[in-house]
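Structure assessment
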Amino acid sequence: MHEGSIAESIVDILKETKKSNNLSKITKVTLKIGIMSGVMVDALLFALDALREEEAIIKNTEFEIIESNVKAYCILCNKNFEFQKNEEIVLLCDECNMPLEIKEGKEMEIIDIEGE
Amino acid sequence: MKRVVIERKILERNDSSAQRIRALLKEKNIFSLNFMSSPGAGKTTTIEQTIKALKDKHKISFIDGDLETDRDAERIKALGIDTVQINTSGACHLDANMVLKALDKVSLDCDILIIENVGNLVCPATFDVGCDKNVVILSVPEGDDKVKKYPVMFNVADVILINKIDLADFMDFDKEKVKKEIKEISPKAKVFEISAKTGYGFDDWINFLSDMVKKR
């Protein structure tokens, strides 16, 4: 379960952010996780929960996760494709059969935080 | 209450280590491969056969990632290859920081660096370890339904080796279905059918690899 390592990386960035913005606590964190990032959202929330005991900085922090669909693009046909969670992903253009470029859906980002 | 916009990649530290690895290997003119697969798909045997085919022409170094033991590293060391073992002690994948540390220990007087990741078809796909090419092995006994079950791993593959192909007829393994699904999830990946045991398909795979090393 690599979500444990990802949760630790999130906490590291939060510690830096807390310090550089002179915050006493972080109340909310918004994350963006692509459905093709390889991260299972429930497992990540579980891993973050497990870290609350040892990492005071997230003891009472609320985590909101925005899941982003896979968005892909055919350069030749100038056509956009979107795949949702649990939908079969086919990265070939349905007109010209050429490989699609993935534009979104693989990212793992911290978007913003709220603190005091 | 204060809102701070961050917009930072969660794995930025891993990614910057991966960039340092790329820069270092480029400076030394080393071509690098990251082998990934489920446990038991034949990574070590495939790497052994690949090394045997190339070691007269190329200097090769090897980094092995496993949870415990140095069994795989010992097999590669027996071929006269400089090897470094990373024991992740429970972690299910290698990350770029682990590889960067291993680069301090392994000989960089080589033209090919082979990394064998932890056997796992899920987690290693998320962590860039700074290699030129990702090689994913799918073995016939795992079944012909795995490509769409593990799309993230197959999507990051530059090369897919379908190993133990000599067992395909015994296992009702539908090669055409697998190739079609690879095309759909990883359209740019180069696919080879091989058997690391019998040597089937190795000529094509080794020629392709030699070409990539030449063009580095």
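Residues numbered from 1 in each chain as written. Chains lettered and ligands numbered in written order. Predicted model: local features only at pLDDT ≥ 70, side-chain atom pairs only at ≥ 80, totals over all residues. Heavy atoms only, no water.

1. Regarding the overall build of chain B
Counting its regular elements, chain B contains eight helices and eight strands. Its C-alpha radius of gyration of 17 Å places chain B within 12% of the 17 Å reference for a compact globule of 216 residues. Its C-alpha atoms give chain B principal-axis dimensions of roughly 65 × 45 × 35 Å. Restricting the contact set of chain B to residue pairs at least 6 apart, pairs at least 24 apart contribute 73%. Taking the average location of the 35 positive side-chain charges in chain B and that of its 35 negative ones, the two points are 5 Å from each other. (Helix = DSSP H or I, 4+ residues; strand = E, 2+ residues; numbered from the N terminus. Rg over C-alpha atoms; globule rule 2.2 N^0.38 Å. Contact = heavy atoms within 4.5 Å. Lys, Arg positive; Asp, Glu negative; His and termini not counted. Charge placed at Lys NZ, Arg CZ, Asp CG, Glu CD.)

2. A closer look at the interface of chain A and chain B
Counting from both sides, the interface comprises 35 residues of chain A and, opposite them, 29 residues of chain B. Summed over both sides, the interface between chain A and chain B buries roughly 2,800 Å², with carbon and sulfur atoms accounting for 61% of that surface. The interface formed by chain A and chain B contains six salt bridges. At the boundary of chain A and chain B, one finds 16 residue pairs in polar contact (both at pLDDT 80 or more). Secondary-structure elements contributing two or more residues to the side of chain A that touches chain B are α1 (3-20), β1 (26-34), β5 (101-104) and β6 (108-115) of chain A. Among the residues forming the side of chain A that touches chain B, the class breakdown is 18 nonpolar, eight polar and nine charged. Relative to strand β1 (residues 2-9) of chain B, β6(A) is paired through six bridges, and the arrangement is antiparallel. The residue of β1(B) that forms the bridge with A:Ile110 is B:Arg8. (Buried area = accessible area lost by both parts, 1.4 Å probe. Salt bridge = Lys/Arg side-chain N within 4 Å of Asp/Glu carboxyl O. Polar contact = N/O pair within 3.5 Å; in protein donor to acceptor, adjacent residues only side chain to side chain. Nonpolar A, V, L, I, M, F, W, Y, C, P; charged D, E, K, R; others polar. Pairing = 2+ DSSP bridges.)

3. Topic: the packing of helix α1 (residues 12-27) of chain B against helix α4 (residues 96-105) of chain B
All names here are of chain B. Viewed as axis vectors pointing N to C, α1 and α4 meet at an angle of 35 degrees, and their least axial separation amounts to 8 Å. By crossing handedness, the relation of α1 to α4 is classed as left-handed. Along its contact with α1, which presents Arg13, Asn14, Ser17, Ala18, Arg20, Ile21 and Leu24, the element α4 presents Ala96, Asn97, Val99, Leu100 and Leu103. Its residues placed into classes, the contact of α1 with α4 shows seven nonpolar, three polar and two charged. (Axes fitted to C-alpha atoms, helices over the stretch in contact; angles between N-to-C directions. Left-handed = near helix turned anticlockwise from the far one by under 90°.)

4. Some words on helix α7 (residues 175-185) of chain B
All names here are of chain B. If you check which residues of α7 are buried, you get Val178, Glu181, Ile182, Glu184 and Ile185. In a view along the axis of α7, the buried residues occupy a sector of 160 degrees, so they form one face of it. What points out from α7, more than 90 degrees from its buried face, is the exposed set Glu176 and Lys180. Check the buried side of α7 and you find it contacts β6 (133-139), α5 (146-149), α6 (151-155), β7 (159-163) and β8 (190-193). Between a side-chain oxygen at the N-terminus of α7 and the backbone nitrogen of glutamate 176 the separation is 3.2 Å; the capping residue is aspartate 174. (Buried < 20%, exposed > 50% of the residue type's maximum accessible area, 1.4 Å probe, protein only. Arc of directions from axis to C-beta.)

5. Some points on the side chain of B:Glu193
Residue and element names in this part refer to chain B. The topology assignment puts glutamate 193 in strand β8. Its relative accessible area of 17% is what places glutamate 193 among the buried residues. Side chain to side chain, glutamate 193 and lysine 179 meet in a polar contact 2.6 Å long. Apart from residues lying up to four places away in sequence, glutamate 193 is in contact with Ile162, Ile165, Lys175, Lys179, Tyr200 and Gly201.

6. Focus: the pairing of β6(B)
Residue and element names in this part refer to chain B. In terms of burial, β6 is largely enclosed, as six of its seven residues are buried. Of the pairings in the sheet, the one linking β6 to β7 comprises five bridges and is parallel in character. Looking across to β7, one finds that serine 139 is bridged to asparagine 163.

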